[in-house]
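Letter by letter, the chains look like this.
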Amino acid sequence: MIGANKKKKTSEFATPYTVKNALTKGGVTVKLSALIMGLGNIAHKQVIKGLIFLAMEIAYIVFMVTNGVYCLSMLPSLGWREQEEVFNEQKQIYEYVDGDHSVLILLYGVATILITAAFIYMWTENLKSAYKAECLAKAGKEINSFGADVKDLFDKNLHKTLMFLPLMGILIFTILPLLFMIPMAFTNYSVKGDHLVLFDWTGFSAFKQVLGLGGTLGKTFWRVLGWTICWAVFATFLCNFLGLILAIVINRKETHCKAFWRTCFVVSIAVPQFVSLLVMRQLFQQQGAINNLLLEWGWIDSPLPFWTNTMWARVSVILINCWVGIPYTMLQVTGVLQNVPSELYEAAKIDGANAAQIFFKITLPYIMFVMGPYIITQFTGNINNFNVIYLLSAGKPTPVGQTAGKTDLLVTWLYKLTIDNQEYNIGAVIGILTFVVLSIVALVTYRNTKSYKDEEGFM
């Protein structure tokens with residue numbers, strides 16, 4: 001049987017010092033460490049390490065008794081006490097008594113859950129450490145002192161030391177805001193109905209509004225999603241295709257003054273992107289320089305509707321994005337082309353291959369092998385390309401009564417919903433759906449790129 005011959009896969013980082021082994025095979029002090037953190041380490045002369053674990057447990061218990069339990073108990077309701085006006089008999093004035101703030105309750109509740117998760121992790125590390133100390137003692141091996149553990153943080157465990165601050169930054173500035181935003185999608189936190197101070201859980205109500213085709217919001221979402229995908233495809237394809245052609249043309253042996261031509265196209269990168277986009281926005285206005293020049297030359301009879309007509313606006317933002325993005329692709333491809341072995345081209349020419357065959361069989365596969373991750377990053381970046389859309393067209397043209405314009409992407413629409421309209425629950429839903437869309441397209445693009453590499457023999 002094939003199944004019988006299969007060996008059980010084990011991780012190369014497998015270790016016997018696990019929580020399960022600590023609770024089942026450990027001694028009394030190790031098992032008691034599940035209740036009194038650090039006891040197992042203290043019993044094996046790792047006093048400082050054990051006291052640190054014990055201090056963490058005491059701090060967590062104090063926090064939960066003083067604040068944590070209350071924060072968790074308020075999460076199901078998100079508060080109900082409204083601000084009250086109470087007459088002060090002594091001062092003979094009315095005073096305002098603060099009520100509950102649902103935003104703070106949600107924030108503190110999420111923070112408490114994260115602190116609890118961190119404590120559980122430290123609890124498991126405490127058991128593993130106690131069990132490891134006990135095993136080393138039984139085997140007659142040396143048990144690291146606190147000083148030796150600290151020294152290891154700059155030697156054997158240097159990776160942990162170097163990764164600590166980045167991981168804390170990701171946790172505080174990325175994970176915590178995301179975990180705070182996601183629950184908002186299941187509430188009615190919005191200016192509508194005056195739910196900015198006190199709001200309630202509403203389940204998937206906001207998702208039904210956004211994904212449903214029956215309401216205005218649902219129709220707007222699917223229209224914006226369709227344009228976002230079209231924009232990302234055209235913006236990514238044109239920038240990469242035209243940048244590729246430009247790099248190949250400049251890199252040809254027959255092209256003279258290569259440095260001069262590269263410099264001409266790279267000048268646009270030297271200017272800050274937001275400045276370039278704002279300048280282009282003004283140039284393409286109804287009374288901007290482009291329309292004035294075309295009118296003066298007699299090429300048009302009336303100003304072109306660059307930002308007032310849907311098709312004109314969409315084509316304009318795509319072409320201007322190409323002007324901004326092509327130099328980056330040109331530089332990337334230039335670096336790749338200069339590393340393609342010249343022997344491959346010489347061998348292909350000897351075999352009688354023409355220019356098209358050389359391009360599709362040698363140049364393009366080699367470029368795709370190196371540029372695959374960059375293309376995926378650029379595609380997902382275009383889906384979230386807030387700067388180009390907002391600074392150029394601000395999402396216009398916008399129909400009357402609509403929250404999203406004809407050139408709005410999901411990310412710019414999310415900005416308008418939260419900042420301009422204060423519909424935070426809908427904005428949270430759009431944020432979650434944007435993440436889902438990004439995950440899907442990134443996965444599909446990655447698989448297609450990998451499959452292309454495999455077919456061409458680049459492993």
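Each residue is numbered by its place in its chain's sequence as written, counting from 1. A pLDDT threshold of at least 70 governs which residues receive local features in this predicted model, and a stricter bar of 80 or more applies before side-chain atom pairs are shown or counted, although totals over entire chains, interfaces and linings include all residues. Hydrogen atoms and water are omitted, and side-chain values are computed over all heavy atoms in the structure.

Engineer: It is not clear to me how the overall build of the chain should be interpreted in this structure. Could you clarify?
Structural biologist: Helical segments are the DSSP runs of H or I of at least four residues, strand segments are the runs of E of at least two, and each set is numbered from the N terminus. Of regular secondary structure, the chain possesses 19 helices and two strands. Note on method: radius of gyration uses C-alpha positions; expected globular size equals 2.2 Å times residues raised to 0.38. Here the chain has a C-alpha radius of gyration of 31 Å; the compact-globule value for 459 residues is 23 Å, and the former is much larger. By residue count, 36% of the 459 residues in the chain fall in the buried class. Per-residue accessibility takes into account occlusion by the displayed protein chains alone, with areas from the Shrake-Rupley method and a 1.4 Å probe. Carbon together with sulfur atoms contributes 67% to the accessible area of the chain, which is approximately 27,400 Å² in total. By the counting rule applied here, Lys and Arg register as positive and Asp and Glu as negative, while His and the ends of each chain are not counted. Just so you know, the charge point we use is NZ for Lys, CZ for Arg, CG for Asp and CD for Glu. Of note, the chain has its 36 positive side-chain charges centred 12 Å away from the centre of its 29 negative side-chain charges. For each residue, the accessible area found with a 1.4 Å probe, counting protein chains only, is set against the maximum for its type, and the residue is called buried under 20%, exposed over 50%, and partly exposed in between.

Engineer: I'm lost on the nonpolar core in this one. Help?
Structural biologist: Within soluble globular proteins, side chains that are nonpolar tend to cluster in buried spots. Buried Ala, Val, Leu, Ile, Met, Phe, Trp, Tyr and Cys residues form a nonpolar core when they are joined through side-chain atoms within 4.5 Å. Counting 56 residues, the largest nonpolar core has Trp231 and Trp413 as the members making the most contacts within it. Of all the elements, helix H19 (residues 424-456) adds the most residues to this core, at nine residues. We call two residues contacting when some pair of their heavy atoms lies within 4.5 Å. Leave out the neighbours within four places in its chain, and Trp413 touches Leu217, Thr220, Phe221, Val224, Thr403, Ala404, Asp408 and Ile430. Grouped together as the second largest cluster of nonpolar side chains are 17 residues, Ile250, Cys322, Ile326 and Phe359 included.

Engineer: Can you walk me through the side chain of Thr124 in this structure?
Structural biologist: With respect to the helices, strands and loops of the structure, Thr124 is situated in helix H6 (residues 102-138). Residue Thr124 is classed as buried on the basis of its relative accessible area, which comes to 17%. What qualifies as a polar contact is a pair of N or O atoms within 3.5 Å, subject to a donor-acceptor requirement within protein and to the restriction that residues adjacent in sequence count only when both atoms come from side chains. From its side chain, Thr124 meets the backbone oxygen of Tyr121 in a polar contact 2.5 Å long.

Engineer: Help me understand the pattern of salt bridges, please; the structure alone is not making it clear to me.
Structural biologist: Think of it this way: side chains of opposite charge can pair up when their charged atoms draw near. The salt bridge criterion pairs a side-chain nitrogen of Lys or Arg with a carboxyl oxygen of Asp or Glu, the two atoms within 4 Å. Counted according to the given criterion, the structure contains six salt bridges. Among the salt bridges present, the one from Arg81 reaches Asp100, with a minimum N-O distance of 2.9 Å. Of the two residues, Arg81 sits in the loop between helix H5 (47-74) and strand E1 (84-88) while Asp100 sits in the loop between strand E2 (93-97) and H6, which places them 19 residues apart along the sequence. Residue classification places Arg81 among the partly exposed residues on the basis of a relative accessible area of 38%. For Glu125, the salt bridge goes to Lys128, with nearest N and O atoms at 3.7 Å. Note that Glu125 and Lys128 are positioned in helix H6 at a spacing of three residues, about one turn of the helix. The class of Glu125 is partly exposed, set by a relative accessible area of 25%. Given a relative accessible area of 29%, Lys128 falls into the partly exposed group.

Engineer: Can you walk me through the confidence of the model for the chain in this structure?
Structural biologist: Close inspection of predicted coordinates is inappropriate for parts of the model with low pLDDT. Note: pLDDT gives the predictor's confidence per residue, expressed from 0 to 100. Across the chain, the average pLDDT comes to 85, with 91% of residues at 70 or higher. The least confident element of the chain, judged by mean pLDDT, is helix H1 (residues 2-5) at 44; the most confident is H5 at 94. Low confidence marks residues 1-8, where pLDDT is under 50. Its contacts with residues over four positions away, or in another chain, come to zero contacts.

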